[in-house]
Each structure stands twice: as C-alpha cells, then as structure tokens.
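Remarks on the overall topology
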Amino acid sequence: MSFPWAKEYKPSHPLMQWLDEKLPLPRFVYNAVGAGYPVPRNLNYFWNFGILAGVCLMLQIVTGVVLAMHYAANSGVAFDSVEHIMRDVNWGWMLRYAHANGASAFFVVVYIHIFRGFFFSSYKAPREMIWLLGVTIFLLMMATAFMGYVLPWGQMSFWGAKVITGLFSAIPVVGEPLQQWLLGGFAPDNAALNRFFSLHFLLPFVILGVVILHIWALHIPGSSNPTGVEVKTESDTVPFHPYYTAKDGFGLGVFAILYCTMLFFLPNALGHPDNYIQANPLSTPAHIVPEWYFWPFYAILRAFTADFLFIPAKLMGVLAMFSAILVWFFLPWLDTSPVRSGHYRPLFRKFFYLLVIDVLVLGYCGGSPAETKYVLISQIAATYYFLHFLVILPIVASIEKPAPLPFSITEAVLGKDDQTAPAA
Amino acid sequence: MVRLFGPLVGLFFAVALLWSFGVGAIQAIREPEPTTAVQEFHLAPKEPEPGFSFNGPFGKFNQAQLQRGFQVYKEVCSNCHSLHFVAFRDLAALGYTEAEVKAIAKEWGTKAKVQDPKTGDETERDNVPADHFPKVYYAGTGNPPDLSLVTKARHEGPEYVYSLLTGYQEQPAELLKKYPDAKTPDGLYYNPYFANLNIAMPAPLADDQVTYGDGTKATKEQMAADVAAFLTWTAEPKMEKRKQTGWAVLGFLLAATALAYLAKRNVWSKVH
C-alpha cells in the first residue's frame, strides 16, 4: 500500500521497460526506498538508525563470511586460527576488528532504534507488527552475538558459554539434561563450538529474512514521525529519494567516522582482556562478564539472590531476564494512550527518561563484579524496570492529560496548514 | 487480558526483587563483607617515565627499544615463558636483516623438534625463520603464561608488564598487621601489581642483568620498559599499520561526510 499521491515508476529506457514487464525489480526498489515511497517530512535524525542497523547487518555478514574462510571451528585450533587471522591473513586484523566492533556498533544502533520506538510509541497501532518483528530481530541478534563471542575460544568465550547455557539448567526436572543436550556434553567443548559456529553462520541470514518482513510491514502503514500524527495530505510527505537518501547518507557518514575511530584506534576497548587467554576449563576467571550489550540483562539475572515463594533464586533470575525482553512484545497493548509521541505526553516523558537512566544503571551494575553494593543497586533498578513496563505505562496511559496535538505534520513543520479549517 | 495479567506479572517480579533486596540488605548490615588485603593493597599499573612511544593515535614503536626488549626476552624471560604466536621471520619488523633473522633462528637455544615419519624417532634441528618460537617446557612452581598476547590479555597490558617487573618489594608491615592470614606463602613473592598480590615468579630483573649492544644503561626500569614494548609488538604486530590506515580512512570519511552534509542541505533547502 502507499499513499494515493505516491509517484509511479515510469521507465523510459526500453531495456528498463522490458525488465519491468518480466521482473519488476527496479519498480520494487523505486517503491521501497526510491521516489515512490512518500515519507513524513518531519523525521528527525533518530529515524536514521533503521538504515544504520541494516548497514551494520550487511557489514557483519560481509566481514563474517570472509572471516569464516580463515577460521577453524575446532576447540584445539580455534584460538590459534584467530591469531592466524590477526597476524598472517592479509588485512585479517582489520576484518576481525571490523567484525568485533561491528557487533558493538550494531547493538548501539539497535538500542537507539528501540529507545526511539519507546519514546515515540512506534509500537502502537497500526504498527504493532513492525514492532513485534523488531523485537524478534533483537532476540535473534542476542543469540547470534552470544554464539559469535564463543568462537575465538578465549577464557570469556568458554566461561560465558558455560554460564549462559547453565541458565537452562535452572528449568525444573528437564534442566540438566536440556543443558547437556544443548552443549553436546557436560561442559562447552568441541561439540558446542562446532554447533555455535554453524548457528552463528545461519542466524544472520534468518535475521536478514525477518528484517525484510520488518521493512515490508513498515511499508504498509508507512513510517511514523515525531509528532505521532498520521499523514493526512501530500504536503505532509516528501519522497524518500532524494530527501531521505540524502539525510541517511549524511547520517551514515557520521556513523562511519565514529565506528572507524573505534576500529582503528581503540579496537579492544569494548572487549575483555581475558578473551586473549585461551579457554582453560581448569581456571575460572575472577569475574565472568558478558559483552557490554548484555550487561543490563545480566544485572537482572544476578539481581535475584533469595528464593521467593519456593521458587529458587536462579530460576527467578532466568525467568526475569527473559521476561525483561519478552515484555516488549506486549507493549502495544500495555500502553493504551491514544497519543503516540512523547513530545505531547508530559507524564510519560518523565518516566521515559527515568527508564533510560535505569537501564544505564543496570548496565553499569551488570558489568561490575557481583559485590553486594552493585547487587543491591541492581535490585532496585530491576524493580523499576518491570514496574515501568507492566504497571506504570498502563496507569500513565489512563490518567495522563496529553498536550494538544498539531492538526497535521505540515502544521507542525510550517506553523500553518492550508487544510486546516478556517476557524482554527 | 494483557492489561489484567501484565501488572500482576510486574508486581510479582517487583516483590521478588524487593524481597531479595531486603534479605541482602539485612545480611549486609548484620555481617558487612570484610575488606581484603587485595582490595586495599593491590595497585593499578603505572607508566614508565617518559611514557611508551606507541601509545596514542599517532604512537609508533621504537625499533631500537623493540630490539632491546627482544634481547631481554631472549636472555631472561625465554627461560620459562613461551612465545607461541610469534615466528622468527616476524623479527624482520624489528629492523633485523634477513641474515640476522636466520642467525637468530639458528642460534636459538631450544631446537625445533621433528619426527621421522618412518621410524617415529624424534630428532632436533636448528630453527629456521619460518618456525615459530619453540615451546618452553617448565617444571617449577607456578604456571608461566605464554607471553605472545600478554599485553592484550591484561588491563592496561604494557603498563602492567612494566609495573609487575619493577614492582617487587617486601610485604608491607601494615598489611601483615591488619591481615595476618595474607602473609605471602613460602615460595611466592609479594608484588602489589599482581592480581592476588603473591606471584610465583621471583623478581626476574636486576640492574645490569643484560648488556645492551647500543650502549643504553640496563637499569631494571629500562629493561622492564623495553620488554613491555617488545611484548606489545608481539601482541599487536600490525599496530602501526592499523593506525596509519585509520588516519587515511578517517580523512576520506571526513571529506565524504562533509560532501554528504552539503548534499543533504542542498536537497532539503527546497522544503524548509
């Protein structure tokens, strides 16, 4: 679907006309990211992050496929093969640093993309399906990133794999056999490394498939916008090309500068030094911490330190950690306010900023050693996290008095809209 | 349904968390976690004077220093520590000629082991430039780590290596008074830069332990800084190329982004 005023693809060259009859691929591109896709004219730079996430995915696939040509998924030689890439493969060091920092960049971009969705309530009707697919992509990304981190077979790879697969052992009755089945053994070893490699290669293409659905679903209602007011007339929109291709091009440049600064000057700043020590099942690191993008969820996992209503603390932690993401699936039905944009929701906005701080605090605690003070702080922060989504959002939606909305996007941008009734 | 069960689930987790918080807080007040000798006496690594040449975005290795560091590794460290990921041929990056690299490999104390495919007998031969540094077998106290990656396998690695090598000292009387149980066991040595304060390696460096060919005075600090620089090179031999490439890439990106900005402004000037 598109708006009635969307431009139609009219190929002038006979070759393109012929192609349009046989396989209308150029028409498809034209309607997806070309002049045939009308987009609200008021999108701010937070709307760049969807494209940036797509760029990160492609970057990870390209660097990953080449790395896989040189990597050996065998617990005996995996660590050495990574060093072989770093030392002997032409530009191998750049590929590996691009891939490792690319994962971090991907998560930075996706977190901003998700929090943009929180602030502007991008999950609300008619865009629920886009949101559901997005949360699915995020879950797949977490699985992919976790398995990718195991592949270098360093100390954190091994012990991270042990801790995370150990979560499954918290499930009553079937937990232990399930964990052994997942690992193909009693501890992470060659069987686990091989299947993680296989899945780490597969999942990005599954992500790509879901991304295509995500964009398809986006093109049905069209993009949301910072006012949250739906598009009414042609003056509310501009064609995607050249307006947003130009804007995304600039955003991409800024992103690439920041990313390349990390890649070339601080390539190990986000990694853990212990992963430059080969995996050793007989030597446990002093602090086992996952990569930074898992820290908030790791803090929630560790926040449950006491059994509750006969439920073991470990099981509570695992349930809470998964629920912390699963709760996002229900957002379209938890937040019932008819107003989308946080700009027009004074009370919601305060809680939104509190959530941002809360997640940063959780992240800080999750990356710190499991000392009492960090655990106590993360318990309070995790409490707020769950209350925010499951209790506060529904209440705010029913008691809040939103600020008046502009009549249209055009009015919001230009201060007036010819379509407005004369009395207004 | 969601609005009915959602808040219930939220309250369930909230109450469970506050319960954990309460139990933990009471525990923390009743029996505060005792401080440990490590918390109080462990020191963060410090830089040598006047700092490492390779730090910072423009940092470069100092070849003379790398050669000195290699000499310290060869004469001191290599008695116990392997250098698994480095090949003799890599030493060309330190400024050695092909003939010198060949000579270093040939004269290396530990020989390369080869197995006769017909008899299974193991024999030894001289190392060649294509060989990696041979593994060092060690049977004493402790577990000397391979040093190829050590500066990347520790926080602030180069500073850590320097501080550790120069940080040996008597155990402070203050520590023994406060934590009598933390007395350094026999056979270990006190070093405040080591993770648990007690290290199995005896102080390896003493003034004038090696004689530098370039006339540099071989103080303990000088040798420690030199070998830390050498081990930074073994861990990240492509560092200079990486930074060099980085500047070229950033130069291009800055120009491209400036153009992209102008293009964006131009395109949007019609609708603003």
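Everything here concerns the structure above.
Residues numbered from 1 in each chain as written. Chains lettered and ligands numbered in written order. Predicted model: local features only at pLDDT ≥ 70, side-chain atom pairs only at ≥ 80, totals over all residues. Heavy atoms only, no water.

1. A look at the packing of helix α5 (residues 92–119) of chain A against helix α14 (residues 346–367) of chain A
Residue and element names in this part refer to chain A. Stated precisely, the cut-off is as follows: In this analysis an axis means a line fitted to C-alpha atoms, helices contributing only their contacting stretch, and an angle means the value between N-to-C directions, from 0 to 180 degrees. Here a strand is any run of E in DSSP of at least two residues, a helix any run of H or I of at least four, and the numbering for each starts at the N terminus. Just so you know how the angles are binned, under 35 degrees is roughly parallel, over 145 roughly antiparallel, 65 to 115 roughly perpendicular, and the rest oblique. Less than a right angle of anticlockwise turn of the near helix away from the far helix marks a crossing as left-handed, whereas a clockwise turn marks it as right-handed. Contact criterion: two residues are considered in contact whenever any of their non-hydrogen atoms come within 4.5 Å of each other. In this count, Pro and Cys sit with the nonpolar residues alongside Ala, Val, Leu, Ile, Met, Phe, Trp and Tyr, while Asp, Glu, Lys and Arg are called charged and the others, Gly among them, polar.
Where α5 meets α14, the closest approach of the two axes is 10 Å, and the angle between their N-to-C directions is 155 degrees. When the axes of α5 and α14 are compared, the pair comes out roughly antiparallel. Handedness of the crossing formed by α5 with α14: right-handed. Between α5, through Phe115, Phe118 and Phe119, and α14, the contact on the second element is made entirely by Phe348, Arg349, Phe352, Tyr353, Leu355, Val356 and Val359. Residue composition of the contact of α5 with α14, by class: 9 nonpolar, no polar and 1 charged.

2. Quick notes on the pairing of strand β1 (residues 112–115) of chain B
Residue and element names in this part refer to chain B. Our working definition: The rule for pairing is simple: two strands pair if DSSP sees at least two bridges between them.
Strand direction decides the pairing type here: β1 and strand β2 (residues 122–125), joined by 4 bridges, are antiparallel. Paired with Val114 across the bridge in β2 is Thr123. Hairpin remark: β1 followed by β2, antiparallel, with 6 residues in the connecting loop; positive phi at Gly120, about 80 degrees.

3. Looking at a nonpolar patch on the surface
Selection rule: Nonpolar side chains (Val, Leu, Ile, Met, Phe, Trp, Tyr) within 5 Å and like charges within 9 Å form the patches, drawn only from residues with over 30% relative accessible area and no salt bridge. Surface exposure here means Shrake-Rupley accessible area, sampled with a 1.4 Å probe, where a residue is shielded only by the protein chains that are shown. Within this document, salt bridges are pairs made up of a side-chain nitrogen of Lys or Arg and a carboxyl oxygen of Asp or Glu, the two lying within 4 Å of each other. Partly exposed describes any residue whose relative accessible area lies between the buried limit of under 20% and the exposed limit of over 50%, with all areas from a 1.4 Å probe on protein chains only and scaled to the type maximum.
Nonpolar side chains collect at one region of the surface, where Phe168, Ile171, Val173, Val174, Phe322 and Leu326 of chain A lie side by side and expose about 530 Å² of accessible area between them. For Phe168 of chain A, a relative accessible area of 30% corresponds to the partly exposed category.

4. Quick notes on the side chain of Asn42 of chain A
Residues and elements named next belong to chain A. The test is simple: Here a polar contact is taken to be a pair of N or O atoms separated by no more than 3.5 Å, where protein atoms must pair a possible hydrogen donor with a possible acceptor and residues adjacent in sequence count only if both atoms sit in side chains.
One can find Asn42 in the loop between β1 (38–40) and α3 (49–70). A distance of 3.0 Å separates a polar atom in the side chain of Asn42 from a polar atom in the side chain of Asn225. Other than its neighbours up to four places away in sequence, Asn42 contacts Asn225, Pro226, Thr227, Tyr244, Ile409 and Val413.

5. Focus: the interface of chain A and chain B
To keep it simple, the criterion reads: Summed over both partners, buried area is the accessible surface (1.4 Å probe) that two parts give up on being assembled.
On the side of chain B, 56 residues touch chain A, which itself brings 62 residues to the contact. Buried surface at the junction of chain A and chain B, summed over both partners, amounts to about 5100 Å²; 74% is from carbon and sulfur atoms. On the chain A side of the interface with chain B, the three residues burying the most area are Arg87, Tyr243 and Phe265 of chain A, jointly 15% of the side's total. At the boundary of chain A with chain B, the tally comes to 1 salt bridge. Mapped onto the side of chain A that touches chain B, the elements with two or more residues apiece are α4 (78–87), α5, α10 (240–265), α12 (313–326), α13 (331–334) and α15 (372–399) of chain A.

6. Notes on unusual backbone geometry
Residue Pro126 of chain A follows Ala125 of chain A across a cis peptide bond; omega there is 5 degrees. Mapped onto the fold, Pro126 of chain A is located in the loop between α5 and α6 (128–150). Residue Pro50 of chain B is reached from Glu49 of chain B by a cis peptide bond, and omega for that bond is 0 degrees. Within the secondary structure layout, Pro50 of chain B lies in the loop between α2 (37–41) and α3 (63–75). Unlike most non-glycine residues, Trp153 of chain A shows phi in positive territory, near 60 degrees. Its place among the elements puts Trp153 of chain A in the loop between α6 and α7 (155–166). The exposure class assigned to Trp153 of chain A is buried, which follows from its relative accessible area of 5%. Backbone geometry places Glu156 of chain B, a non-glycine residue, at a positive phi of 45 degrees. As for its placement among the helices and strands, Glu156 of chain B is situated in the loop between β2 and α5 (157–166).

7. Topic: the nonpolar core
This is how it is decided: Nonpolar cores are built from buried Ala, Val, Leu, Ile, Met, Phe, Trp, Tyr and Cys residues. Side-chain atoms within 4.5 Å join them into one set.
Among the nonpolar cores identified, the biggest contains 135 residues, and Phe118, Phe138, Phe297, Trp328 and Tyr385 of chain A are the most heavily contacted of them. The element contributing the most residues to this core is α5 of chain A, with 15 residues. Ranked by size, the runner-up nonpolar core spans 44 residues in total, among them Tyr96, Phe133, Tyr162 and Ala225 of chain B.

8. Digging into the packing of α3 of chain B against helix α7 (residues 220–235) of chain B
Residue and element names in this part refer to chain B. Across the interface, α3 lies against α7 with an axial gap of 7 Å and an inter-helix angle of 100 degrees. In terms of orientation, α3 and α7 fall into the roughly perpendicular class. On α7, the residues that touch Gln65, Leu66, Arg68, Gly69, Phe70, Val72 and Tyr73 of α3 are Gln222, Met223, Ala225, Asp226, Val227, Ala229, Phe230 and Trp233.

So, to be careful, I would describe these as geometric facts and stop short of saying anything about function.
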